[in-house]
Amino acid sequence: MTAQEEGSVTAGGAETAPEVIRAEHISKRFGAVQALKDVNLYVRRGEILGLIGDNGAGKSTLIKTLTGFHRPDQGRLLFNGTETALRSVVHARSLGIDTVFQDLAMINDLPVYLNLFLNRELTHRPLPVLRRSEMRRRAREALDSIGISIPSVDTEVGQLSGGQRQAIAVARSVYAESTQLLLLDEPLAAMGAKEGGQILRLLKRLKERRDIAIILIAHNYAQIVDICDRVNLLQHGEITLDRASQETSVSELLELVHAEYGVN
Amino acid sequence: MEAKQVATAVGRGLVRRRELSIFVVCVAAAIYFAVTGSGFTTSENYHTIAQYVAPWIIIGAGEVMLLICGQIDLSAGFVFTLAPFVLTSFTGDGMPLLLALVCAVAISALVGVVNGLIHTLFNLASFIVTLGMAFFLEGMSLIASNAQPEAAPANGWVAQVFGRARWSELIWALAIVAVMQALLSTTKFGVNTQAVGSNPIGAAEAGIRINRIKIVNFALCSGLAGLGGILDGIRVGSFDPTNGGNETMFLAVASAVIGGTALLGGSGTIIGALLGALLLGIVYDGFNLTGVNANAFDVVLGIAIIAAMLLNVYLGVLRRKASR
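Computed from a predicted model, the values in this text were never measured in an experiment. (Residues numbered from 1 in each chain as written. Chains lettered and ligands numbered in written order. Predicted model: local features only at pLDDT ≥ 70, side-chain atom pairs only at ≥ 80, totals over all residues. Heavy atoms only, no water.)

Engineer: Mind showing me how you'd approach the overall build of chain B here?
Structural biologist: Tallying secondary structure elements over chain B gives 14 helices and 2 strands in all. Taking 324 residues into account, the globule formula puts the C-alpha radius of gyration at 20 Å, and chain B, at 20 Å, falls close to it. The 324 residues of chain B split such that 50% are buried. At a minimum sequence separation of 6, the contacts of chain B that also span at least 24 residues come to 77%. (Helix = DSSP H or I, 4+ residues; strand = E, 2+ residues; numbered from the N terminus. Rg over C-alpha atoms; globule rule 2.2 N^0.38 Å. Buried < 20%, exposed > 50% of the residue type's maximum accessible area, 1.4 Å probe, protein only. Contact = heavy atoms within 4.5 Å.)

Next comes the structure, spelled out in structure tokens:
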């Protein structure tokens, strides 16, 4: 075993896992704005890919393309190795691509357990009658298993803190039966250090399960280096850097992002 | 010690379940009128109250569903007015009463589908859509009736079941409350209705078909209003084009709001609307019995609605504190 291979094993063993999604030569234009030029990226199962880049670099457009919200003008998406055209967010979700948007899509007037099962409610088939106690039980289990602490699954979501809501949004996406790829658009943006830490621990625990690929957009490079296996830098609609987190550092990433302005 | 514990538990219940607080106010109002007025505690008077409240409860049940999903139906009062004349146009052609009744309710529901389609297809506020529909239906009622009352069907078991029998209208109202409350709180449809009103974008992102949910609720509200109009007309013995209308609709909405339904969507209960209607009915009836000028009723109604809203806001704050 060469040193390089050994290094890749300690990086999480994800290098040999199958690719969940691969984007090839993706471009997307909105009128005069070329949001994405020629994007190539991939994520393997059990891997967290950090996506960084300045505001306006195209991060959100890329996420929305990977979740079926936008259709690329050119290029193709391979999902589990098969070329796939995502028709809509609902279509992407049915395939196992789930997104936690910045607005979280939480229903404030509903309790935690009904938010976890939103539009996937358990019913006494063929009757449309809710199985509330079963949903409560499973919600409690799910939240316990990833270490989210809330007063009760009966609490209305509107009464929870930002971090708790974020954690529940993540838990909801993960516990959708077939989620294979989870995209998180700045999950830590509106959060204090303590709450952010809670989400990061949650993502680490998900990574340890090895059955899900995660793409994480964040502005805090220390967090990215800490939690992600690889980092991709998006600049002017192109991926300009693809590196294992171990082989880079916060200062290098900062330098790369800021070098752009030095040149211009 | 025990009394104190009971009092604490009751106090907590009042805060937790907003219906309970309306119920307590209902009981207090009933006791007040029973003590001060004569003839409040008679079977005859209970029947009078039932006649007042049944239409508000039936329409209110539909309005609660619509309010929860963030909409309102201002035309329900005139669906209530028009439906009996739709019924007579069918029976006039020789259709059996039961079938004519089913058809009239179906056409009423269709009005709701039209309201819902205009709202969802053109993204026009339901307030405006149903306001226009209200005027349209008022005109249609006058045209269909030639602005004249008609005799309502009075013979046969169908007429007995649908309003003629003494407590029939109230029994229908209570059955509707039971069914609609079950729909709201025990089914996926009910939860989705709440989600649509609370966060339409989030609900859509979760894949809930928000337009379909809204249209079904518009149809439910109009269908119930149509049924209510027919029941009420058969009870009275004549179909009157001046019956129902805006006043009935607004009292139904007031019942819903007094019963704790949020005007901006997201939360509410059908049982709350039942209690809200009951409170309005008791006050209205009590004023009549105690000889207070009936014109003062609207003054009290206005104050009651605002007070109920303030109480709801206040209780909401307490509830949030209690659950922390």
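Engineer: Would you explain the packing of aromatic side chains in this entry?
Structural biologist: Taken as a whole and judged by the stated rule, the model has 6 aromatic pairs over all chains. Seen in terms of ring centroids, B:Y32 and B:F33 are 5.2 Å apart; in terms of plane orientation they differ by 75 degrees. Their pairing is edge-to-face. We classify B:Y32 as exposed; its relative accessible area is 52%. Clustering of aromatic rings is evident, with ring pairs tying together B:Y32, B:F33, B:F40 and B:F287. Lying over the aromatic face of A:F69, A:K64 brings its terminal NZ or CZ to 5.2 Å of the ring centre. (Phe/Tyr/Trp six-rings, centres within 6.5 Å; stacked < 30°, edge-to-face > 60°. Lys NZ or Arg CZ within 6 Å of the ring centre and 35° of its normal.)

Engineer: When you look at the interface of chain B and chain A in this model, what are you seeing that I'm missing?
Structural biologist: The parts lose accessible area when they come together, and the size of an interface is often stated as this lost area. Facing 23 residues of chain B, the contacting portion of chain A comprises 21 residues. Together, the buried faces of chain B and chain A total about 1800 Å²; carbon and sulfur atoms form 50% of this surface. Ranking the residues of chain B by area buried against chain A places B:K188, B:V191 and B:E205 at the top, with a combined share of 32%. Viewed at the interface, chain A and chain B are joined by 1 salt bridge. Linking A:E121 and B:K188 is a salt bridge whose minimum nitrogen-to-oxygen distance equals 2.8 Å. The set of elements that each furnish at least two residues to the side of chain B that touches chain A consists of helix 8 (168–186), helix 9 (188–198), helix 10 (200–205) and helix 14 (296–323) of chain B. Ranked by residue count, the leading element in the side of chain B that touches chain A is helix 9 of chain B, at 6 residues. Partitioned by chemical class, the residues of the side of chain B that touches chain A number 6 nonpolar, 13 polar and 4 charged. (Buried area = accessible area lost by both parts, 1.4 Å probe. Salt bridge = Lys/Arg side-chain N within 4 Å of Asp/Glu carboxyl O. Nonpolar A, V, L, I, M, F, W, Y, C, P; charged D, E, K, R; others polar.)

Engineer: Can you help me understand the environment of B:N146 in this one?
Structural biologist: Among the secondary structure elements, B:N146 is positioned in the loop between helix 6 (126–145) and strand 1 (150–151). Sequence separation of B:N146 and B:P241 is 95 residues, and the distance between their C-alpha atoms is 8.8 Å.

Engineer: Please clarify how a nonpolar patch on the surface should be interpreted in this entry.
Structural biologist: Residues and elements named next belong to chain B. The grouping of L117, L121, F122, L124, F127, I128, L131 and F135 at the surface amounts to a nonpolar patch, some 830 Å² of accessible area in total. Among the secondary structure elements, those contributing two or more residues to the nonpolar patch are helix 5 (97–122) and helix 6. Positionally, I128 belongs in helix 6. (Patch = residues over 30% accessible without salt bridge, like charges linked within 9 Å, V, L, I, M, F, W, Y side chains within 5 Å. Areas by Shrake-Rupley, 256 points an atom, 1.4 Å probe, with all protein chains shown as cover.)

Engineer: Mind showing me how you'd approach the pattern of salt bridges here?
Structural biologist: Once the charged atoms of two side chains with opposite charge are near each other, the side chains can pair. All names here are of chain A. Inspection of the entire model under this criterion finds 19 salt bridges over all chains. Ionic pairing is found between R137 and E141, a salt bridge with its closest N-O pair at 2.6 Å. Placement of both R137 and E141 in helix 5 (residues 132–145) is noted, with a separation of 4 residues, approximately one turn of the helix. Under the relative-accessibility criterion, E141 is labelled partly exposed at 45%. For the salt bridge of D242 with R230, the shortest nitrogen-to-oxygen distance reads 3.0 Å. Taken together, the residues D242 in strand 10 (residues 238–244) and R230 in strand 9 (residues 230–235) connect sequence positions 12 residues apart. For D242, a relative accessible area of 41% corresponds to the partly exposed category.

Engineer: Whenever I open this one, the pairing of strand 4 (residues 74–79) of chain A confuses me. Can you help?
Structural biologist: Here is the key point about a regular strand: its side chains alternate between the two faces of the sheet. All names here are of chain A. Pairing geometry for strand 1 (residues 19–30) and strand 4, over 5 bridges, is antiparallel. Along strand 4, the bridge assignment pairs A23 with L77. When strand 4 meets strand 5 (residues 82–83), the two strands line up antiparallel, connected through 2 bridges. Opposite F79, over in strand 5, you have T82 as the bridge partner. Once strand 4 ends, the chain turns through 2 residues before running back antiparallel as strand 5, passing N80 with a positive phi of about 50 degrees. (Pairing = 2+ DSSP bridges.)

Engineer: Explanation requested: the packing of helix 8 of chain B against helix 11 (residues 210–236) of chain B in the structure shown.
Structural biologist: Packed helices, taken two at a time, are described by the angle their axes make and the gap between the axes. All names here are of chain B. As a packed pair, helix 8 and helix 11 sit with axes 10 Å apart at the nearest point and diverge in direction by 165 degrees. In terms of axis orientation, helix 8 runs roughly antiparallel to helix 11. Pair helix 8 / helix 11 crosses with right-handed handedness. Counting all contacts with helix 8, which are made through E169, W172, I176, M180 and L183, the residues of helix 11 involved are L220, L224, L227, G228, L231, D232 and R235. (Axes fitted to C-alpha atoms, helices over the stretch in contact; angles between N-to-C directions. Parallel < 35°, antiparallel > 145°, perpendicular 65-115°, else oblique. Left-handed = near helix turned anticlockwise from the far one by under 90°.)

Engineer: What am I meant to see in helix 13 (residues 270–289) of chain B here?
Structural biologist: Three- or four-residue spacings in an α-helix give side chains the same orientation, since the helix completes a turn every 3.6 residues. All names here are of chain B. Look at helix 13: 28 Å from first C-alpha to last across 20 residues, which is about the 28 Å you get at 1.5 Å a residue. By the criterion of burial, helix 13 is predominantly enclosed, with 15 of the 20 residues buried. Among the residues of helix 13, the N-terminal cap falls to T269, whose side-chain oxygen and the backbone nitrogen of G272 are separated by 3.0 Å. (Expected span 1.5 Å × (residues − 1). Polar contact = N/O pair within 3.5 Å; in protein donor to acceptor, adjacent residues only side chain to side chain.)

Engineer: How should the sheet that holds strand 4 of chain A be read in this particular structure?
Structural biologist: By definition, the strands of a sheet pair up through backbone hydrogen bonds, in either a parallel or an antiparallel sense. Residue and element names in this part refer to chain A. Taken in spatial order, the 4 strands line up as 2-1-4-5 in an open sheet, and their pairing is antiparallel. Each edge of the open sheet carries a strand with a single partner, namely strand 2 (33–44) and strand 5. Along the sheet, helix 2 (residues 59–66) makes contact with strand 1, strand 2 and strand 4, crossing strand 2 at roughly 60 degrees.

Engineer: Where do I start with the pairing of strand 9 of chain A in this structure?
Structural biologist: Residues and elements named next belong to chain A. Most of strand 9 is tucked away: 6 of the 6 residues are buried. Where strand 3 (residues 48–52) meets strand 9, 4 bridges bridge the pair, whose relative direction is parallel. Paired with L49 across the bridge in strand 9 is R230. Both strand 9 and strand 10 contribute to a ladder of 6 bridges, which runs antiparallel. What sits directly across from L233, in strand 10, is L241. Once strand 9 ends, the chain turns through 2 residues before running back antiparallel as strand 10, passing H236 with a positive phi of about 50 degrees.

Engineer: For this particular structure, what's the right way to read helix 7 (residues 157–164) of chain B?
Structural biologist: All names here are of chain B. Of all the positions in helix 7, only V158, A159, F162 and G163 are classed as buried. Here the buried residues of helix 7 occupy an arc of 90 degrees about the axis, which is enough to place them on one side. Among the structural elements, helix 5, helix 8 and helix 11 are those in contact with the buried residues of helix 7. (Arc of directions from axis to C-beta.)

Engineer: Just to check I follow, could you spell out the confidence of the model for chain A for this structure?
Structural biologist: Predicted coordinates in regions of low pLDDT should not be interpreted in detail. Averaged over every residue, the pLDDT of chain A is 84; residues scoring 70 or more account for 91%. Confidence over residues 1–12 of chain A falls short of pLDDT 50; this stretch has 8 contacts with residues more than four positions distant or in other chains. (pLDDT = per-residue confidence, 0-100.)

Engineer: Please explain the packing of helix 12 (residues 245–258) of chain B against helix 13 of chain B as it appears in this structure.
Structural biologist: All names here are of chain B. One way to put it is that helix 12 packs onto helix 13 with a least axis distance of 7 Å and a crossing angle of 115 degrees. Handedness of the helix 12/helix 13 crossing: right-handed. Contact with helix 12, carried on its side by L251, A254, S255, A256 and I258, involves G272, A273, G276, A277, L279 and L280 of helix 13 and no other residues of that element. For the contact of helix 12 with helix 13, a count of residues per class yields 8 nonpolar, 3 polar and no charged.

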